[in-house]
Amino acid sequence: MTKRHYDWIIIGSGFGGSVSAHRLTQKGYDVLVIEKGRRFELDDFPKTNWDLKRWMWNPSIGLKGIFKMSFLKHMTVLHGVGVGGGSLVYANTLPMPTQEFFRSESWKDLADWEAELAPHYETARRMLGAAPNPIMTKGDHVMKEIAKDIGREEHFHPTEVAVFFGEPNKKVPDPFFGGEGPDRVGCNFCGACMTGCRVGAKNTLDKNYLYLAEKHGAEVLPETEVTHVAPRDEGGYRVETKASFGKHHSQEFTADRIIFAGGVMGTMPLLLQMKEDPTGLPHLSDRVGDFVRSNSEALFGIISPDKNENFSKGVAITSILHTDDHSHIEPVRYGEGSGFFRTLLSVHSPGPTVISRIWGALVAFSRRPVRWLRALFVRDFAKQSQVLLYMRTLEGTLRMRLGRGLRTGFRRGLVTEIDDPTQAPSAFMEEATELAERFADKVNGVPATLVTETLLGVPSTAHILGGACMGASEETGVIDRNHEVFNYSGMYVIDGSAISANPGVNPALTITALAERAMSLIADKHTAKATGPEKTESAPFTEGLRAE
Ligand SMILES: Cc1cc2nc3c(=O)[nH]c(=O)nc-3n(C[C@H](O)[C@H](O)[C@H](O)COP(=O)(O)OP(=O)(O)OC[C@H]3O[C@@H](n4cnc5c(N)ncnc54)[C@H](O)[C@@H]3O)c2cc1C
Ligand code: SF4
């Protein structure tokens, strides 16, 4: 039964939200998690990504799945929706960022991040069940050859992934939390992690952090979107919601403290709207929406016309090659039959203008017409294509604002502006193109990219970060080093929007570690009651895994 007042309300059930829910419940607090998306049982996930109703999220046209693509002017953003947030749709990969991230100009003066976060990364890895991928696939062998060719063999290794590698398809009692967690099933390497694991092997948040939070009393309210947040005269905050679909149904809840954990694509529009609204949060820093970054990614689909190839076996991301100190490339896959992205692909063709890119695409096509024609008509696109994900620690930032335009359907919605044209994220990186072409040559394939990159020059990212960054004051940031929002006591941002530098690698582990750190600074409820609500300025890491 949902109550009306809580100690804490958490908006969103992704990495930041689920970690917070678990740790706050452990500390004795009453917690409500409000989640826009649906709750998914194993059978609710689609068998392939052609089942758009179960895969994609856009409830206004009946799509109630786990994956959303948002087309912004300067970036196409891929993100997750549902109880468990991005963990439902993500590719399970949990790499550690390099030192460059911890020492980045943008936040290095706020803390010794490397030292402070080290124990929290360890906890995050244990809680998410990180394990080395045990199986080399076709794509990994090709990647290893490339590593050798470029003299970086020792920088190629299997990924650490959040997957349970028991006996394939065999159900066992909770292997992670000493019996406190749910039963689990061993991975069968079907490659379908990014359409939702129907087996029960993927360590999604509803099987670790959020599961434990609910077990210990946290309430999760799915299919409910937070639309308004405002301070109350008597202290704490008032939260208004609406049903995500179906009959119009609004509700109101209150809490002493509140956490924004809607991911960049949920937290940014809400904070920007509340800042504009005199009845919302008008004293938010003017920095809301600034310093939005990605991992400076480039995404390719290498299509091989060879019917005997099968790139779809294995977990979603199986290995990583560090091509230099700042750059990485990973082979990625969808499971058999999941060929939806063939509808959005075009010839990879870097260039500064649309004319040069279209011309480049025609030249590339005419050099290998037979190979291209065979590639375009392969029977099972997922089996015969390998996605390549290239990332760099490059700084390139955008600003998010509210505005109107074609992309927002002429309603007021999220738009992007470029902070500095020379720093804007780019769809084309020479090294990425060269690596994709090398891979394509080795499998007699062709390199393709999303049509938005070729036609519009707009890069794509599954790793959108920032927008509510840390600062020493409200002049430089939206939140302080402990994630508390300037000018709003007891209000926090704990999700990808709080990431204040480019990790250069897949960010979920880092979001989890930062959330662990933020929560370690919150006093237990009984302590807080004795001394008044307070947070400990710096908490030694003593907690470990209390639940298990
Ligand atoms: C296809 C794909 C593959 C990926 N693979 C990897 C990978 O291998 N490794 C990795 O590290 N990262 C990966 N990522 C990125 C990773 O998923 C995100 O970085 C991560 O999920 C962000 O965590 P978060 O805490 O910011 O919020 P999210 O996980 O995005 O969760 C936010 C939640 O809040 C909800 N929400 C938003 N607004 C509201 C609102 N107003 N009211 C109620 N609820 C709301 C959303 O529905 C969502 O469920 C991948 C992403 C995608 C799309
Ligand atoms: S490879 Fe298949 S079984 Fe293994 S985690 Fe991914 S979806 Fe689940």
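This text follows the structure it describes.
These lines cover the structure that appears in this document, whether it is placed above or below. (Residues numbered from 1 in each chain as written. Chains lettered and ligands numbered in written order. Predicted model: local features only at pLDDT ≥ 70, side-chain atom pairs only at ≥ 80, totals over all residues.)

**What to know about the overall build of the chain**
Stage number 1. Each helix and strand counted, the chain has 13 helices and 27 strands in total.
Stage number 2. Across its three principal directions, the C-alpha atoms of the chain cover 75 × 50 × 50 Å.
Stage number 3. Taking all 548 residues of the chain together, 52% fall into the buried category.
Stage number 4. For the chain, long-range pairs separated by at least 24 residues make up 71% of all intrachain contacts whose partners lie at least 6 apart in sequence. (Helix = DSSP H or I, 4+ residues; strand = E, 2+ residues; numbered from the N terminus. Buried ≥ 20, exposed ≤ 12 C-beta atoms within 10 Å, placed from the backbone. Contact = placed C-beta atoms within 7 Å.)

**Topic: helix α4 (residues 113-128)**
Within an α-helix, residues lying three or four positions from one another point in the same direction, as the helix has 3.6 residues per turn.
Stage number 1. Look at α4: 21 Å from first C-alpha to last across 16 residues, which is about the 22 Å you get at 1.5 Å a residue.
Stage number 2. Those residues of α4 lying buried are W113, L117, H120, Y121, T123, A124, M127 and L128.
Stage number 3. In this structure, the buried side of α4 is in contact with α3 (99-102), β7 (130-132), β9 (160-162), α6 (209-215) and α12 (508-520).
Stage number 4. Positive backbone phi, approximately 70°, marks G129, located one or two places after α4. (Expected span 1.5 Å × (residues − 1).)

**With respect to the site of ligand 1**
Stage number 1. Every one of the 40 residues lining ligand 1 counts as a neighbour, but G12, G14, G85, G86 and G266 are closest to it.
Stage number 2. Elements with a contribution of two residues or more to the shell around ligand 1: α1 (15-26), β6 (76-80), β13 (224-231), α7 (264-276) and α12.
Stage number 3. Residue composition of the shell around ligand 1, by class: 18 nonpolar, 18 polar and four charged. (Near = placed C-beta within 6 Å. Nonpolar A, V, L, I, M, F, W, Y, C, P; charged D, E, K, R; others polar.)

**As for the sheet that holds strand β16 (residues 290-293)**
Stage number 1. Taken together, four strands build an open sheet; the order of strands is β23-β22-β16-β26 and the sheet is antiparallel. Every interior strand has two partners, whereas the edge strands, β23 (413-418) and β26 (465-467), have only one. On average, adjacent strands in this sheet sit at an angle of 40° to one another, irrespective of strand direction.
Stage number 2. In this structure, β16 lies alongside β26, joined through three bridges in antiparallel fashion. The residue bridging D290 from the neighbouring strand is G467, located in β26. (Pairing = 2+ DSSP bridges. Axes fitted to C-alpha atoms, helices over the stretch in contact; angles between N-to-C directions.)

**Quick word on unusual backbone geometry**
Stage number 1. In this structure, E223 is a non-glycine residue whose phi angle is positive, near 55°.
Stage number 2. On the secondary structure map, E223 appears in the loop between β12 (219-221) and β13.
Stage number 3. Judged by the 19 C-beta atoms lying within 10 Å of it, E223 is partly exposed.
Stage number 4. Even without a glycine there, the phi angle at N444 is positive, about 50°.

**Quick look at the sheet that holds β6**
Stage number 1. Strand order in the open sheet formed by three strands is β5-β6-β25, with mixed pairing between adjacent strands. In this open sheet, the two edge strands, each paired with only one partner strand, are β5 (67-71) and β25 (460-461).

**A look at the packing of α4 against α12**
Two quantities define a packed helix pair, namely the angle between the helix axes and the distance between the axes.
Stage number 1. Across the interface, α4 lies against α12 with an axial gap of 8 Å and an inter-helix angle of 115°. As summarised for this structure, α4 and α12 are arranged roughly perpendicular, according to the angle between their axes. Relative to α12, α4 is oriented so that their crossing is right-handed. Touching E116, L117, H120, Y121, T123, A124, R125 and L128 of α4 are L509, T512, A513, E516 and R517, all from α12.
Stage number 2. Tallied by class, residues from the contact of α4 with α12 come to six nonpolar, three polar and four charged. (Parallel < 35°, antiparallel > 145°, perpendicular 65-115°, else oblique. Left-handed = near helix turned anticlockwise from the far one by under 90°.)

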